Amino acid sequence: MATRTRSRLSTALLAPALALGATVGLASAPAQAAVWNSCDQWGNTTLNGYTLYNNIWGSGTGSQCIWANSGTNWGVWANHPNTGGIKSYPNAKKVVNKSVTSLASLTSSYNVTVPSSGAYNTSYDIWDTGYKYEVMLWVNKTGAVGPLGSSQGSVTLGGSTWTVYKGNNGSNDVFSFIRSSNSSSGTVNILPILKWIKDTKGWFGNVTIGDVQFGYEITSSSGGLDFTTNSLTVSSS
């Protein structure tokens, strides 16, 4: 089982701004020309309120290219070797910047097309603005991947049943919710999950939620695999 040993925070948030010219021959691009694409390690752009990151942050990586028609319709082609350790977390990020108690709602809907081989998870990665706490929601997983920390049992929240793990990567606490069955589309009511962590478990206080990221935590994708976000919405009030 490949265990998550570090956070993507440093690469996702502190990546240098690079020139993002169109890349010729992008393997994962749809038939129509994408609005944006990049094979740069830290390639990033902002489209209609969402920030996209290619975010190849691990060691022993292969090649990876990201394309986007919008911030909510995008995909990745990745060819990472069949070795352990997370190689990348390509994602789309929406900034919320509201405290848990000031949120009236925080929901997200997703529709993805993911490969049947390789080792990866499709997940939300939710951060507080102080980057002390990380909440991961795995909506599907394939291959030898597993969450950080120890199991805290199961809970039904936000429209799904999850097995919960609690751990620390040396930089921040990590709370991982692993969906009981794989899903390629659905809606997650995120706010009750955050309130459960705060009010029921007391694992954090009234933190301000900063980034809500959605993407693919890829360990291996040997030979080249496609990951497509057909649609995505993150809404808060």
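Quick caveat: nothing in here was measured; it's all calculated off a predicted structure. (Residues numbered from 1 in each chain as written. Predicted model: local features only at pLDDT ≥ 70, side-chain atom pairs only at ≥ 80, totals over all residues. Heavy atoms only, no water.)

## Some details on the nonpolar core
In plain terms, the rule: Residue types Ala, Val, Leu, Ile, Met, Phe, Trp, Tyr and Cys, when buried and joined through side-chain atoms within 4.5 Å, form a set referred to as a nonpolar core. When a residue's accessible area, from a 1.4 Å probe over protein chains only, is under 20% of the maximum for its type it is buried; when over 50% it is exposed; and in between it is partly exposed. Numbered from the N terminus, helices here are DSSP runs of H or I no shorter than four residues, and strands are runs of E no shorter than two. In what follows, residue pairs with any heavy atoms lying within 4.5 Å of each other are defined as contacts.
In this structure, Tyr124, Leu137 and Phe177 are the most contacted members of the largest nonpolar core, which totals 48 residues. For this core, the element with the highest residue contribution is helix α2 (residues 190–201), accounting for six residues. Leave out the neighbours within four places in its chain, and phenylalanine 177 touches Val135, Met136, Leu137, Trp138, Val155, Trp162, Thr163, Val164, Ile193, Trp196 and Ile197. Among the nonpolar cores identified, the runner-up in size contains five residues, and Met136, Trp138, Val145 and Ile178 belong to it.

## Quick word on the environment of asparagine 73
Test applied: Two N or O atoms form a polar contact when they lie within 3.5 Å of each other; inside protein one atom must be a possible hydrogen donor and the other a possible acceptor, and for residues adjacent in sequence the pair counts only when both atoms belong to side chains.
If you trace the backbone, asparagine 73 turns up in strand β6 (residues 73–79). Residue asparagine 73 is classed as partly exposed on the basis of its relative accessible area, which comes to 22%. With 159 residues separating them in the primary sequence, asparagine 73 and leucine 232 have C-alpha atoms 6.9 Å apart. Within the structure, asparagine 73 has its side chain in polar contact with the backbone oxygen of threonine 229 (distance 3.2 Å).

## Details of the state of the cysteines
Selection rule: Here, two cysteine sulfur atoms that lie within 2.5 Å of each other are counted as a disulfide.
For the coordinates displayed, the defined rule picks out one disulfide. Disulfide partner of cysteine 39: cysteine 65, at an S-S distance of 1.9 Å. Measuring handedness by torsion sign, the sulfur bridge of cysteine 39 and cysteine 65 sits at about 105 degrees and is right-handed. One end of the pair, cysteine 39, is in the loop between β2 (36–38) and β3 (44–47); the other, cysteine 65, is in strand β5 (residues 63–70), and 26 residues separate them in sequence.

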